[in-house]
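# Fold and geometry: a report
So the chains spell out like this:
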Amino acid sequence: MVRLVTFQHAKAVGQRIGAIVASSTPAFAGHSITSPAKIVDIQSLNQATKTFDAAKVQDMNSFIELGDEGVQWLQAAVNTTAPATAIVDAAAVSLLSPIPVPRRNLLCVGKNYKDHVAEVAAADKVRGIGTTSAAPTGNTPDAPKYPQFFTKAPSTIVGPGGNIESHARI
């Protein structure tokens with residue numbers, strides 16, 4: 001499996017897209033990259049292999065549009081030896097949202113795992129508002145009876161540790 005990321009690092013201008021690879025450790029521990037992970041910089045890899053027109057790997061949306069062809073090409077590069085010019089030390093990058101500017105609203109499911117149900121119930125209690133998450137006994141929050149769907153506008157997307165803008169007039 002290839003784990004895609006969008007990132008920035010000091011040796012390149014602007015946002016880059018890549019795939020996290022590691023020798024023998026899982027690529028993610030929670031939301032942070034484990035060490036000694038490396039990132040294969042997709043734009044640099046494409047520049048070295050001249051596989052696709054540069055516009056097709058300019059951002060994550062373009063890369064996703066390549067479909068299976070792009071994933072198979074990337075997987076082959078990850079499974080072999082990618083050129084040194086395409087390898088970046090994961091500790092030297094700042095992760096961004098995987099898809100910084102989605103092309104349309106994202107459809108989301110809320111309270112879709114036990115820890116999130118408890119997190120929402122705790123936040124509701126702190127804010128002093130009622131919650132549909134509270135269990136009748138008041139101890140352990142119950143999962144919702146029906147899925148809770150909502151959308152996120154493309155302008156609301158932030159990466160790990162990113163700032164969420166406050167809209168005081170709303």
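Residues numbered from 1 in each chain as written. Predicted model: local features only at pLDDT ≥ 70, side-chain atom pairs only at ≥ 80, totals over all residues. Heavy atoms only, no water.

### A word on the environment of Lys38
Along the chain, Lys38 turns up in strand β5 (residues 38–41). The spatial distance from the C-alpha of Lys38 to the C-alpha of Ala91 is 8.1 Å, given a sequence separation of 53 residues. Not counting the four nearest positions on each side in its chain, Lys38 is found in contact with Ala19, Ile20, Val21, Ile87, Val88, Asp89 and Ala90. (Helix = DSSP H or I, 4+ residues; strand = E, 2+ residues; numbered from the N terminus. Contact = heavy atoms within 4.5 Å.)

### Remarks on the pattern of salt bridges
Under the criterion given, the structure shown has two salt bridges. For Asp41, the salt bridge identified is with Arg16, shortest N-O distance 2.9 Å. Of the two residues, Asp41 sits in strand β5 while Arg16 sits in strand β2 (residues 16–21), which places them 25 residues apart along the sequence. When sorted by exposure, Asp41 lands in the same class as Arg16, which is buried. Residues Glu65 and Arg103 are paired through a salt bridge, measuring 2.3 Å at the closest nitrogen-oxygen approach. One end of the pair, Glu65, is in helix α2 (residues 60–65); the other, Arg103, is in the loop between β7 (93–95) and β8 (106–110), and 38 residues separate them in sequence. Since its relative accessible area comes to 58%, Glu65 is described here as exposed. A relative accessible area of 48% places Arg103 in the partly exposed class. (Salt bridge = Lys/Arg side-chain N within 4 Å of Asp/Glu carboxyl O. Buried < 20%, exposed > 50% of the residue type's maximum accessible area, 1.4 Å probe, protein only.)

### Some thoughts on unusual backbone geometry
Despite not being glycine, Lys50 has its phi angle at roughly 50 degrees, a positive value. Tracing the chain through its elements places Lys50 in the loop between α1 (42–49) and α2. At Lys111, a position not held by glycine, the phi torsion is positive, near 50 degrees. Here Lys111 lies in the loop between β8 and α4 (114–127). Residue classification places Lys111 among the buried residues on the basis of a relative accessible area of 13%.

### Looking at the packing of aromatic side chains
All chains considered together, the criterion is met by one aromatic pair. Centre to centre, the rings of Phe52 and Trp73 are 5.2 Å apart; their planes meet at 85 degrees, and the pair counts as edge-to-face. Separated by 21 residues along the polypeptide, Phe52 in the loop between α1 and α2 and Trp73 in helix α3 (residues 68–79) bring together distant segments of the chain. Given a relative accessible area of 11%, Phe52 falls into the buried group. (Phe/Tyr/Trp six-rings, centres within 6.5 Å; stacked < 30°, edge-to-face > 60°.)

Don't take any of this as a statement about function, it's just geometry.
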